[in-house]
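Reading the structure
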Amino acid sequence: MLSCKHILTMDDLSAADIVQILDTADSFSEVNERRIKKLPTLRGRTVVNLFLEPSTRTRTSFEIAAKRLSADGLNFTASSSATVKGESLRDTARTLSAMSCDLVVVRHKYAGAPQMLAESMDACIVNGGDGMHQHPTQALLDLFTMRSRLGRLEGLTVGIVGDIYHSRVAGSLVPALKKVGARPIVIGPPTLMPARPDVLGADVVYSLDEALPELDVAYMLRVQFERAERMPFPSNREYARFYGMNGARLAAAKPEMIVMHPGPMNRGVEISAEVADSPRSLVLDQVNAGVAVRMAVMYLLLGGAESGVAA
Ligand code: CP
C-alpha cells in the first residue's frame with residue numbers, strides 16, 4: 001500500500017512509495033510478457049479515464065493497465081463528455097462520484113484540476129497531466145525505464161533538455177529524481193526557462209554541449225508549440241543546432257549515455273530521426289514501461305495487494 005490516497009504531484013509520494021511502485025511494476029512487466037496478460041486483481045473496481053486534453057500514450061496505457069487488472073474502465077474525452085455543453089469540472093466530478101467510481105485518471109489543461117477533483121470526490125485521483133504543472137506517472141515510468149536499463153537510480157546525472165518552461169514532465173521528473181538520489185540538471189535556452197529556474201531545485205545550465213559529457217541520461221523534452229503563439233527562438237533549425245540531440249552529440253557523450261523522450265517527438269527539432277531510432281534511444285521502452293507502471297499505481301492505490309500480483 002502507498003502512503004497516499006491520491007497521486008496529484010510527486011510530493012504525494014515518499015521515496016519508499018516510489019521504490020514500491022517500481023518493484024511492483026517489475027512484477028507486472030513479467031505478466032505483460034505472458035501470452036495471457038490478465039490478472040483478476042481489480043475485478044469489480046471501476047476506473048474512469050477523464051481526458052479533457054489530447055493524449056495517446058497516457059490514456060491508452062491507463063486503459064490497457066485497467067483491462068489487464070480486470071477493472072471496469074470508462075473513457076471520457078473532451079468531445080465525448082458533457083464538458084462540451086459547458087458542464088463544470090466540479091459538476092463532472094460530482095456526477096462521476098454519484099456513480100461510485102473507485103479511481104479517476106484526469107488530464108486537464110488547467111494546473112490544479114486533479115486537486116480540485118480530489119476535493120470533490122471519494123475516488124482515488126491520479127494526475128494524468130495538468131497544464132504546465134505535473135505529470136507524475138510519466139516521471140514514474142521514466143524512473144522505471146532508467147533503472148531497468150542502467151541498473152540504478154542513485155548517483156545518475158540526468159539532463160532534462162529544452163522547453164523547461166512549458167513542461168509538466170520536467171515539473172514531475174526533477175523532484176522524482178531528487179527523491180531517489182539522482183542529480184537533475186535542467187538545460188535549455190534562457191527564453192524557455194521559468195523566471196526563477198533555481199526554484200525547480202535542479203542545477204541550471206544553458207549550454208547542452210557544456211553539460212553533455214557529464215550526463216548518464218539525456219532526457220529530451222518536446223518543444224510545446226501548441227502552448228505558445230510564437231516560440232522564443234529564431235527557427236526550428238536554430239533550436240536543433242543548439243539544443244537538439246543528434247548523431248554528433250551522441251558521439252561526444254559518454255558511450256553508455258541513454259536518450260529518452262516522453263513523446264510525442266518533434267523529429268528534427270529536439271531529437272534527430274537518427275537518434276530517435278538508434279539503440280541508445282529508449283523512447284519505446286518508456287511507452288512499454290507505461291503499462292506496467294500504471295498497473296502498479298492502480299493496484300497499490302486500490303489495495304489490490306490482497307489478491308497478489310502473481311494471481
Ligand atoms: N508522454 C505523454 O504524456 O504522451 P501523451 O500526451 O500521448 O499521453
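Worth saying up front: this structure is predicted, and the values here are computed from it rather than measured.

Calculation notes
Residue numbers run consecutively from 1 along every chain, following the written order of its sequence. Reporting in this predicted model follows two pLDDT cut-offs: at least 70 for local features of residues, and 80 or more for side-chain atom pairs to be given and counted; totals over whole chains, interfaces and linings ignore these cut-offs and use all residues. Side-chain measures here rest on the full set of heavy atoms in the structure, leaving out hydrogens and waters. For the purposes of this section, nonpolar cores are sets of buried Ala, Val, Leu, Ile, Met, Phe, Trp, Tyr and Cys residues that join through side-chain atoms within 4.5 Å. Between buried and exposed lies partly exposed: a residue is buried under 20% and exposed over 50% of the maximum accessible area for its type, with that area taken using a 1.4 Å probe on protein chains only. Only runs of H or I of at least four residues qualify as helices and only runs of E of at least two qualify as strands under DSSP, and these elements are numbered from the N terminus. Those domain boundaries reflect an automatic or database domain assignment. What makes two residues a contact is simply this: any of their non-hydrogen atoms within 4.5 Å. Here the aromatic set is Phe, Tyr and Trp, taking the six-membered ring for Trp, and pairing holds for ring centres within 6.5 Å; pairs whose planes are under 30 degrees apart are stacked, those over 60 apart are edge-to-face, and all others are tilted. Axes here mean lines fitted to C-alpha atoms, for a helix over just the part in contact, with angles spanning 0 to 180 degrees between N-to-C directions. Roughly parallel refers to an angle under 35 degrees, roughly antiparallel to one over 145, roughly perpendicular to one between 65 and 115, and oblique to any angle outside these ranges. Left-handed describes a crossing whose near helix is turned anticlockwise from the far helix by less than a right angle; the clockwise case is right-handed. Three categories are distinguished: nonpolar for Ala, Val, Leu, Ile, Met, Phe, Trp, Tyr, Cys and Pro, charged for Asp, Glu, Lys and Arg, and polar for the others, with Gly belonging to the last. The buried area of a pairing is the accessible area, by a 1.4 Å probe, that goes missing from both parts when the two are put together, added over both. For salt bridges, the criterion is a side-chain nitrogen of Lys or Arg within 4 Å of an Asp or Glu carboxyl oxygen. Under this definition, polar contacts are N or O atom pairs within 3.5 Å; protein pairs additionally need one hydrogen-donor-capable and one acceptor-capable atom, and for neighbouring residues in sequence, both atoms have to be side-chain atoms.

**Re the nonpolar core**
General note: in soluble globular proteins, nonpolar side chains tend to be found buried as a group. One finds I21, M146 and I160 to be the most contacted residues of the largest nonpolar core, which totals 64 residues. Take this core: its biggest share by element is eleven residues, from helix 11 (residues 283–301). Looking at which domains feed residues into this core, each of domain 1 (10–135 + 289–307) and domain 2 (136–286) gives three or more. Those residues in contact with I21 that sit more than four places away from it in its chain are L2, I7, L13, L140, V293, A296, V297 and L300. Formed by 25 residues, the second largest nonpolar core is a distinct cluster that contains I187, V205, A211 and V259.

**Notes on the packing of aromatic side chains**
Under the counting rule described, the total for this entry stands at four aromatic pairs. When the ring of F225 is compared with that of F233, the centres are 6.4 Å apart and the planes differ by 75 degrees; the resulting orientation is edge-to-face.

**Quick look at the packing of helix 1 (residues 15–32) against helix 5 (residues 136–150)**
Remark: helix 1 packs on helix 5, axes separated minimally by 10 Å, with the N-to-C direction vectors making an angle of 70 degrees. The orientation of helix 1 with respect to helix 5, classified from their angle, is roughly perpendicular. Every pair of crossing elements has a handedness; the one defined by helix 1 and helix 5 is right-handed. In this structure, helix 1 contributes I18, I21, L22, D23, A25, D26 and S29 to the contact, and helix 5 contributes L140, L143, F144 and R147. Looking at the contact of helix 1 with helix 5 residue by residue, the classes come out as seven nonpolar, one polar and three charged.

**As for the domain arrangement of the chain**
The domains assigned to the chain are domain 1 (10–135 + 289–307) and domain 2 (136–286). Taking the mean C-alpha position of each, domain 1 and domain 2 sit 25 Å from one another. Across the boundary between the two partners, domain 1 contributes 30 residues, which contact 28 residues of domain 2. Both sides together, the interface formed by domain 1 and domain 2 hides about 2400 Å², and carbon and sulfur atoms give 61% of it. Considering only the side of domain 1, the residues that lose the most area to domain 2 are M10, M132 and H135, jointly responsible for 30% of the buried surface there. Summed over the shared surface of domain 1 and domain 2, the result is four salt bridges. Between R147 and D26 there is a salt bridge, with its nearest N and O atoms 2.8 Å apart. The tally of links between domain 1 and domain 2 comes to 19 residue pairs in polar contact (both at pLDDT 80 or more). When residues in the side of domain 1 that touches domain 2 are grouped by element, the largest group, eight residues, is from helix 1. Split into classes, the residues belonging to the side of domain 1 that touches domain 2 amount to 13 nonpolar, nine polar and eight charged.

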